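# Observations on chain architecture
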Amino acid sequence: MTAAAVIGLQWGDEGKGKIVDCLTADAGAVVRFQGGHNAGHTIVINGETKILHLLPSGAVRPGVECLIGNGVVLSPRALFAEVESFGAGAAEVAARLRLSGACPLLLECHRLLDLAREAARVGGAIGTTGKGIGPAYEDKAARRALRLADVADAAGFAAKLESLAQYHNFMLGNYYQTETWDWRADLDFILSRRDELMQMMCPVPERLAELHRAGANILFEGAQGALLDIDHGTWPFVTSSNTAAGNIACGAGFAARHLGRVAGVVKAYTTRVGNGPFPTELHDDTGRRLAERGGEVGATTGRARRCGWLDSVALRYAADLNGVDTLCLTKLDVLEGIETLRVCTGYKNTRGGGGAPDDCEPEYAELEGWDESIGGVRRYQELPRAVRGYVEWIEERVGVPVSLLSVGPGRDDNIIRSRLFD
Ligand code: GDP
Ligand code: IMO
Ligand code: MG
């Protein structure tokens with residue numbers, strides 16, 4: 001039995017969904033502990049693509065319990081839209097979905113505030129996903145958020161929602177002078193789905209303790225990535241939650257002492273969607289090639305992802321921050337056909353703090369590239385020498401072994417060197 005985490009080590013979109021999906025073959029439960037439907041986790045099974053936003057990626061594997069912890073900001077509309085996207089399988093998915101009653105609700109007012117704040121921001125927009133994530137977490141910190149458990153008392157919920165509307169509509173209408181919130185539409189929607197919501201509500205910490213005692217393998221699915229962490233990322237161009245593995249304890253209600261393993265997911269190069277520093281960003285043909293071959297388009301917003309070389313300084317920072325004991329290296333196949341690969345090993349003219357300081361010039365190591373197509377390789381020793389050289393260089397630099405290499409988007413496009421769960 002193991003409790004393990006899968007954490008993104010860059011700016012998100014490292015391929016966490018695919019890795020979580022691989023690992024759920026051996027897991028009893030998958031748990032989200034932070035973020036919301038700003039995430040976009042892609043899983044490709046038999047050529048069919050499924051993108052999960054709010055639901056744990058275990059949703060695509062029948063029988064796997066899916067838990068959403070209190071650290072997640074929960075949009076009831078996004079939740080039902082996603083469950084219903086399973087079509088004939090929707091009821092089966094809903095039956096194994098458990099939601100913490102302590103999840104703050106993400107409502108339409110938060111989306112309106114997110115858009116208004118972005119437009120008005122001094123110093124430039126953050127480039128959020130526009131889903132309302134930041135304002136929903138603000139309401140949590142301010143202790144005025146409505147939580148899932150509040151839905152149990154319909155009359156009380158309506159009164160609290162009206163009071164929340166008075167507060168936010170004053171801000172939207174007067175300060176931002178923008179569209180106000182039709183809170184009654186949210187009220188009607190939520191009350192119309194009240195029975196289903198209450199059926200899915202579950203004391204997640206107790207359930208996790210029970211699963212742990214019973215010896216189940218539990219997988220915690222990170223969203224976003226280390227460099228988007230609200231405290232440890234590239235502030236202020238970050239998301240509004242702690243993405244780090246340390247937040248599992250609070251965001252799910254699972255004793256920190258019981259987390260046994262932390263797998264860090266890292267893309268073989270770097271991408272970022274949204275604004276903010278990105279020292280190794282490429283604006284040339286190589287950058288465009290990575291974007292094209294890697295299909296680097298945001299899974300949630302459809303925005304083009306910025307692309308650049310791997311940054312081993314930021315990677316080591318992220319691995320240390322999360323206590324990563326194993327790496328999953330994704331999208332190695334995308335690098336084929338580049339004669340010389342570069343990996344950042346340091347910065348000149350460093351000014352900022354954190355993992356990837358802005359306003360600095362990266363220094364690079366050059367590594368041999370490869371021309372061979374590696375998508376069909378399943379055994380590590382069968383990889384071209386240059387590919388192994390790249391992998392082993394990363395292992396040495398970060399000080400963590402690469403246990404899984406992903407060489408294509410499909411569920412089985414992997415080279416597994418050692419298993420996460422015993
Ligand atoms: P996540 O947010 O970390 O789950 O990652 P996303 O799903 O947003 O983005 C990863 C993208 O890369 C998706 O389109 C995946 O299907 C794709 N992908 C994942 N692993 C690989 C890989 O090894 N090779 C290739 N070519 N694509 C991959
Ligand atoms: P997954 O889980 C990549 C980025 C946004 C923006 C910043 C803040 O698929 O890796 P927010 O809407 O969270 O307030 O936006 O964070 N961002 C992501 N970038 N992948 C994600 O999730 C992201 N979730 C948020 O682009 O820069
Ligand atoms: Mg994504």
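Residues numbered from 1 in each chain as written. Chains lettered and ligands numbered in written order. Predicted model: local features only at pLDDT ≥ 70, side-chain atom pairs only at ≥ 80, totals over all residues. Heavy atoms only, no water.

## What to know about the coordination of the magnesium ion (ligand 3)
Ideal geometry at a metal centre: 109.5 degrees between donors when four sit tetrahedrally, and 90 or 180 degrees when six sit octahedrally. Distances from the magnesium ion (ligand 3) to its protein donors, Asp13 (OD) and Gly40 (O), fall within 2.0 to 2.2 Å. Linking Asp13 in the loop between strand E1 (3–8) and helix H1 (16–23) with Gly40 in the loop between strand E2 (29–32) and strand E3 (41–45), this pair joins segments that are 27 residues apart in sequence. A relative accessible area of 12% means that Gly40 is categorised as buried. (Donors = N, O, S within 2.8 Å, 3.2 Å for Na, K, Ca; no water. Helix = DSSP H or I, 4+ residues; strand = E, 2+ residues; numbered from the N terminus. Buried < 20%, exposed > 50% of the residue type's maximum accessible area, 1.4 Å probe, protein only.)

## Quick word on empty space enclosed by the protein
One pass over the structure, following the stated rule, counts one cavity of 30 Å³ or more. Lining the largest cavity, in full, are Leu9, Gln10, Trp11, Leu227, Thr270, Leu310, Asp311, Ala314 and Leu315. Classifying every residue of the lining of the largest cavity gives six nonpolar, two polar and one charged. (1 Å grid on protein atoms, 1.4 Å probe; cavity = no way out; pocket = protein on both sides within 12 Å on 5 of 7 lines; lining within 4 Å. Points joined across faces, edges and corners; volume = space filled by probe spheres on them. Nonpolar A, V, L, I, M, F, W, Y, C, P; charged D, E, K, R; others polar.)

## What about the side chain of Asn322?
Along the chain, Asn322 falls in helix H12 (residues 312–322). For Asn322, a relative accessible area of 6% puts it in the buried group. Of the polar contacts made by the side chain of Asn322, one reaches the backbone nitrogen of Ala245; its length is 2.7 Å. Side-chain polar atoms of Asn322 contact the backbone oxygen of Ala318, separated by 2.9 Å. Setting aside residues no more than four positions away along its own chain, Asn322 makes contact with Ile7, Leu9, Ala226, Ala244, Ala245 and Val262. (Polar contact = N/O pair within 3.5 Å; in protein donor to acceptor, adjacent residues only side chain to side chain. Contact = heavy atoms within 4.5 Å.)

## Comments concerning the layout of surface pockets
Approximately 760 Å³ is the volume found for the largest pocket. Lining the largest pocket are 39 residues, and of these Ile126, Thr128, Thr129, Val238 and Thr239 sit closest to its centre. Within the residue set of the lining of the largest pocket, elements represented by two or more residues are helix H4 (108–120) and helix H5 (133–141). Among the elements that make up the lining of the largest pocket, the one with the highest residue count is H5 (five residues). The residue makeup of the lining of the largest pocket, split by class, is 14 nonpolar, 16 polar and nine charged. Counted as a void, the second largest pocket has a volume near 470 Å³. Lining the second largest pocket are 25 residues; nearest its centre among them are Gly15, Thr42, Arg305, Lys331 and Pro409. For the lining of the second largest pocket, the secondary-structure elements that each account for two or more residues are H1 and E3. Of the residues in the lining of the second largest pocket, the class split is five nonpolar, eleven polar and nine charged.

## Notes on unusual backbone geometry
With an omega of 0°, the peptide bond running from Trp235 to Pro236 counts as cis. Relative to the helices and strands, Pro236 resides in the loop between strand E8 (218–221) and helix H10 (248–253).

## Examining the site of ligand 2
With respect to spatial proximity, 20 residues lie near ligand 2, and among them Asp13, Lys16, His41, Thr129 and Thr239 are the closest. Here Gly127 contributes a backbone N or O atom positioned 3.3 Å from an oxygen atom of ligand 2. The side chain of Thr129 places a nitrogen or oxygen atom 2.6 Å from an oxygen atom of ligand 2. Isolated, ligand 2 exposes 540 Å² of accessible area, and the fraction of that covered by the protein chains is 98%. Among the detected pockets, ligand 2 sits in the largest pocket. (Near = heavy atom within 4 Å. Areas by Shrake-Rupley, 256 points an atom, 1.4 Å probe, with all protein chains shown as cover. Sits in = over half its atoms within 2 Å of the grid points.)

## A short note on the packing of aromatic side chains
The final tally for this structure, using the stated rule, is five aromatic pairs. Ring centres of Phe80 and Phe189 lie 6.1 Å apart, and the angle between their planes is 75°; this geometry places the pair in the edge-to-face category. Of this pair, Phe80 sits in helix H2 (residues 76–84) while Phe189 is found in helix H7 (residues 183–192), placing the two residues 109 residues apart along the sequence. Across the pair, Phe189 and Phe80 agree in class, each one buried. On the basis of an interplanar angle of 80° and a centroid distance of 4.9 Å, the ring pair of Tyr175 and Tyr176 is categorised as edge-to-face. Just above the ring of Phe86 sits the side chain of Lys50; from NZ or CZ to the centre is 4.2 Å. The side chain of Arg77 reaches across the aromatic face of Phe189, ending 4.7 Å from its centre. (Phe/Tyr/Trp six-rings, centres within 6.5 Å; stacked < 30°, edge-to-face > 60°. Lys NZ or Arg CZ within 6 Å of the ring centre and 35° of its normal.)

## Some details on H4
In an α-helix, one full turn covers 3.6 residues, which means residues spaced three or four apart are oriented alike. In this model, H4 (13 residues) spans 19 Å end to end at C-alpha, consistent with the 18 Å of a helix rising 1.5 Å per residue. Cys109, His110, Leu112, Leu113, Asp114, Ala116 and Glu118 are the residues of H4 that are buried. The elements touched by buried residues of H4 are H5 and helix H6 (154–175). (Expected span 1.5 Å × (residues − 1).)

## Points about the domain arrangement of the chain
Size of an interface: often given as the accessible area lost when the parts come together. For the chain, the assigned domains read domain 1 (3–102 + 200–258), domain 2 (108–195) and domain 3 (266–416). Tallying the contact residues gives 25 residues for domain 1 and 18 residues for domain 2. Between domain 1 and domain 2, the buried area comes to about 1,800 Å², and carbon and sulfur atoms account for 65% of it. Put simply, domain 1 and domain 2 have two salt bridges between them. Among the salt bridges present, the one from Asp186 reaches Arg77, with a minimum N-O distance of 3.0 Å. Going through the elements one at a time, H2 and strand E6 (97–100) are the ones with two or more residues in the side of domain 1 that touches domain 2. A total of four residues in the side of domain 1 that touches domain 2 trace back to one element, the largest contributor, which is H2. (Domains from an automatic or database assignment. Buried area = accessible area lost by both parts, 1.4 Å probe. Salt bridge = Lys/Arg side-chain N within 4 Å of Asp/Glu carboxyl O.)

## Some details on the packing of H2 against H7
Where H2 meets H7, the axes come as close as 10 Å, and the angle between the chain directions of the two elements is 45°. What the angle tells us is that H2 and H7 run oblique. The handedness of the crossing between H2 and H7 comes out as left-handed. Across from Pro76, Arg77 and Phe80 in H2, the residues of H7 making contact are Ala185, Asp186, Phe189 and Ile190. (Axes fitted to C-alpha atoms, helices over the stretch in contact; angles between N-to-C directions. Parallel < 35°, antiparallel > 145°, perpendicular 65-115°, else oblique. Left-handed = near helix turned anticlockwise from the far one by under 90°.)

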